[in-house]
Amino acid sequence: MKNTNVMFPPSYAISNGTNGGISAVPHTDAKEEISKEPGDPVHPEIPGWFSEHCPVWPGEAHFLKVEKVLFEGKSEFQSMMVFKSSAYGKVFVLDGALQLTEKDECSYQEMMTHLPLCSIPNPKKVLLIGGGDGGILREISRHSSVEQIDICEIDTMLIDVYKTFFPDIAIGYEDPRVRLNVIDGTLFLDSAPRDTYDAIIVDCFDPMRPDHELFESPFFELISKALRPGGVLCIQAESIWFKSLDIEELLTISRETFKGTVDYAWTIVPAYPSGVIGFLLCSTEGPYVDFRNPINPIDTEKAFGVANKPLKFYNSEVHSASFCLPSFAKKVIDTKAESSTIVDEENNLKIGQNGVFADVAAGWYTDFSTACPGISFMKSVPEGTYDAIILDAFQGMGPDADIVGDKSFLESVIKGLRPGDVVSTPAESLRLSNFVMADTIANCRKIFKGSVNYAWTSVPCYPRQYLLKIN
């Protein structure tokens, strides 16, 4: 969802890898720019796999297994490829960069749309710059108050490719409120009357970071002019995991133009680099906008507009939670703001009366039938010893996990806890097809008689993001 509406020269081209592999490899004339020193490792290629790498996130490449290439072509502006993957369904690639997959497009499209639109009352006019796949149009159509949806997209071939291969995403174009403008977004904004739009969503640039070239252009001034007082902007921002993102600096620079509220949110998109993408949300001076607390809720169970299915990812709880930052990011903001509130993890950590967490995870990931120190240790622990037990020696908890099948071990865990205290164990990712959250929780409740909850976090190098908490 990057660079679909800007006239920048493409950085990558699609080419066939060796022995039938499919790779996103640099243009010949771009190799010197990307390679910093002679002898740098060559971009890896694996036959039968799509691979992506980028100088923005050096030292890593991302791979998806290709079942079949469905389309390769080049428009006036960019190269495109569509292929069927083994794990993520159909995948769209633009200039060598993965844009979306059928499996996880919902988390990006829904959050990009409903974070701004659910934060203001009764939005009526919405402008989308980029987003030529039609997914954000699909999500905007869910809002019954919206009367006009304008989209700027310069590449009509891109739209046609999405309509052909991703009809459930491109269905957004079928909404009669949509008006397609085949024009560069900056030119469109330059001619837009002042105070026209309630919301503007921008989905055509690389993720925002403090040194982004857009801050040196009149683009944000034009957006501010086109928004009504208290109108809102949502634009893709860099992942919290990349060093190029300084959230506080990004917010400070944005406040120079937007005199209302400025905030940062994030969501998980497993197929994206680091598995996470951010959103920069801004409002113009006028009625106060609290992005963190949605005031215009959307029905998650019903489909409205042209969307033929209910929401898959967004809800009001996820909306508010998306603004919660991990400690490493939050501390940067607190430090720069010279906040008087200092998090002292050592002093504030409440770990129970005896001050001990039981690390029963000593040892390797192993077949459960093989004895490991933690299992033997727990079976010898006196009753009511610990306030909390953390299990970190087994594969992700799922409905058919071996750890659930061995009741004697889990019963020893229960025995080792005081009444009402907690155990935490890794659980399988909610994005994996073999994980059924309801069944996992139900199986655990047969053993643990208190509360059982599922939580998740982002671990970019893991194929799963998880945490299962049991009281």
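Data block above holds the structure.
Not measured: the values here are computed from a predicted model.

A. Broad picture of the sheet that holds strand E6 (residues 90-94). Spatial ordering of the open sheet is given by E3-E4-E5-E6-E7, a layout of five strands whose pairing is antiparallel. A strand with exactly one partner marks an edge of an open sheet, and here the two such strands are strand E3 (49-52) and strand E7 (97-101). The mean angle between the axes of side-by-side strands here comes to 45°, regardless of whether they run parallel or antiparallel. Relative to E7, E6 runs antiparallel, the two sharing four bridges. Note that in E7 the partner of Val 91 across the bridge is Thr 101.

B. A look at the sheet that holds strand E14 (residues 276-283). Strand order across the open sheet formed by seven strands is E10-E9-E8-E11-E12-E14-E13, with mixed pairing between neighbours. The outermost strands of the open sheet, each flanked by one partner alone, are strand E10 (178-181) and strand E13 (262-268). For this sheet the average axis-to-axis angle between neighbouring strands, irrespective of direction, equals 20°. Bridging between strand E12 (residues 227-237) and E14 involves six bridges; their strand directions are antiparallel. Within E14, the position partnered with Cys 234 by the bridge is Leu 281.

C. Inspection of the pattern of salt bridges at higher detail. The final tally for this structure, using the stated rule, is 10 salt bridges. For Lys 84, the salt bridge is made with Glu 67, and the minimal N-O distance between the two is 3.6 Å. With Lys 84 in strand E5 (residues 79-85) and Glu 67 in strand E4 (residues 62-74), this residue pair connects regions lying 17 residues apart in the sequence. Its relative accessible area of 32% is what places Lys 84 among the partly exposed residues. Through salt bridges with shared partners, one network takes in Glu 105, Arg 138, Glu 139 and Arg 142.

Criteria and thresholds
Residues numbered from 1 in each chain as written. Predicted model: local features only at pLDDT ≥ 70, side-chain atom pairs only at ≥ 80, totals over all residues. Heavy atoms only, no water. Pairing = 2+ DSSP bridges. Helix = DSSP H or I, 4+ residues; strand = E, 2+ residues; numbered from the N terminus. Axes fitted to C-alpha atoms, helices over the stretch in contact; angles between N-to-C directions. Salt bridge = Lys/Arg side-chain N within 4 Å of Asp/Glu carboxyl O. Buried < 20%, exposed > 50% of the residue type's maximum accessible area, 1.4 Å probe, protein only.

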